[in-house]
Amino acid sequence: MQHDFLKNYKHKTKESRRLYSRAVKVFPGGVSHNIRYFEPYPFFVSGAKGKQLSDVDGNKYTDYWMGHWALILGHSPKVVVNALAEQAKNGILYGTVNGVSVELAETIKKLMPRAEMMRFSSTGSEATMYAIRLARARTGRRIVAKAIGGWHGFNTALMQTVNYPFEEEEGLGLVQDEGQFVESIPFNNLDASLKVLETVKDDLACIIIEPVLGGAGCVPPIDGYLQGLEEFAKKNGSLFILDEIVTGFRLSLHGAASIYGLEPDLFTLGKIAGGGMPIGILCGDKDIMSLADPVARADKESLCAIGGGTFSANPMTMTAGLLTLNFLKENKQQVYSKIDRLGRMARKGLTKLFAESGIPCQVTGEGSMFLTHFSKNVVMDATDIANSNRELLKAYHLALMANHGIFFLPTKMAALSFAHEEGDIKKLLEATKKIIIDSKLFKRFA
Ligand SMILES: Cc1ncc(COP(=O)(O)O)c(C=O)c1O
């Protein structure tokens, strides 16, 4: 890339470049999460408030990444920050049980009654790992089905068919044999998925699926797809597990399950549920969750041992999560109608803009989530996304960042927060228009 915006980015982010040159000496690739790296180097954040990120060079960005989509109320909402300040004075980590965790669990159960019982962990990756362990324990079967392109965190068992080309190994250090217990199905193609599931049905412990493919590129489900998978799982005595780590409390207060009419046996939550602090939650049917009851199942053979860990249910996370959910409950109408409206406005506006400019493009999304794909084909699954022009998307996102102070983590889905306003979407549309007109970026693709 040698576009003007790249030059501009480098010019504006000199201190970040210096920090990055130090970071590569202490972190592989200079980052602590692979997706946080982008070309030429990421800007280093010095602060965040509301919808805005500030970097160490004094630049400001309207944030569309919002902490890996976790920050539905924006950065540092007062209601959470004040409660955390109080809690910090009263202890950061107790390392034992506390009342606020019970309150948070009861709140979640009221909002999502299928969360009859739950277990808190510190990351979503742990929650999905425990979900499939519990499914195997319950069914006595071994195989886990997941979607091609489905992302459930870095847990080893689900590190299969995540990145294109999907049929290849996900990298070094993963034992090949592990893959034999994972079967991958094409998202949004029910017939083909059922055909695959049929071949492994006797040993199929569970199907685990994101209601909307998130990490793979923001693909909503077509009518009947998720419902068809659930029906198959239930008939087959396999568990149906919904990974709501992104969608839970984002698409609605009651989860994507309520929107799509699903009744998962188990489901996972994370992100928003921690109010900006680290969290993962495994929730579900009481009978199944009881397999993890260390009191009733004191002998090792009858217990399915799942975490927690050192930081699970810590009072800071529990407080931030509780205050966030309480705010969402009390302001349900304002929050969801606003962020969904802004999401629609972004999808519609961008679609119109690119169409008018003759640039083949599809803007996918649901509720407050959206992502642009430069593709001549309809985008229905992770393969379609991988085949779209990702280099162009990367460049478009960098141009927004460098020239207009608008931050999308390059190629990744956007998630709006309650702190965003209509004016932000207007600015995004104006900036996009300017990039289309001024830069040569889209010339060859149009
Ligand atoms: C659907 C889904 N499941 C699981 C995870 C993993 O969560 P964490 O990053 O907290 O481990 C993610 C993270 O983005 C996710 O999007």
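This write-up is about the structure you can find in this document. (Residues numbered from 1 in each chain as written. Predicted model: local features only at pLDDT ≥ 70, side-chain atom pairs only at ≥ 80, totals over all residues. Heavy atoms only, no water.)

1. Concerning the site of the ligand
Stage number 1. Surrounding the ligand, one finds Trp69, Thr123, Gly124, Ser125, Trp151, His152, Gly153, Glu210, Asp243, Ile245, Val246 and Lys271.
Stage number 2. The contact in question runs from an oxygen atom of the ligand to an N or O atom on the backbone of Gly124, over 2.8 Å.
Stage number 3. Between Ser125 and the ligand, the recorded distance is 2.6 Å, taken from a side-chain N or O atom to an oxygen atom.
Stage number 4. When the ligand sits alone it has 380 Å² of accessible area, and the protein chains cover 86% of it.
Stage number 5. Classifying every residue of the shell around the ligand gives four nonpolar, five polar and three charged. (Near = heavy atom within 4 Å. Polar contact = N/O pair within 3.5 Å; in protein donor to acceptor, adjacent residues only side chain to side chain. Areas by Shrake-Rupley, 256 points an atom, 1.4 Å probe, with all protein chains shown as cover. Nonpolar A, V, L, I, M, F, W, Y, C, P; charged D, E, K, R; others polar.)

2. So, the sheet that holds strand β10 (residues 280–284)
Stage number 1. The strand order β4-β10-β9-β8-β7-β5-β6 describes an open sheet built from seven strands, whose pairing is mixed. On the outer flanks of this sheet lie β4 (117–121) and β6 (182–185), each paired with one strand and no other. Sheet twist, expressed as the mean angle between neighbouring strand axes with direction ignored, is 20°.
Stage number 2. In this sheet, β10 lies alongside strand β9 (residues 266–270) in antiparallel orientation, the contact comprising five bridges. When the bridges of β10 are listed, Phe267 appears paired with Cys283.
Stage number 3. Against the sheet, helix α7 (residues 190–199) contacts β5 (143–147), β6 and β7 (204–209), and its axis sits at roughly 160° relative to β6.
Stage number 4. Of the strands in this sheet, β6, β7 and β8 (239–243) touch helix α8 (residues 225–236), which is tilted by about 160° from β7. (Pairing = 2+ DSSP bridges. Helix = DSSP H or I, 4+ residues; strand = E, 2+ residues; numbered from the N terminus. Axes fitted to C-alpha atoms, helices over the stretch in contact; angles between N-to-C directions. Contact = heavy atoms within 4.5 Å.)

Honestly, that's just the spatial picture; any functional story needs more than this.
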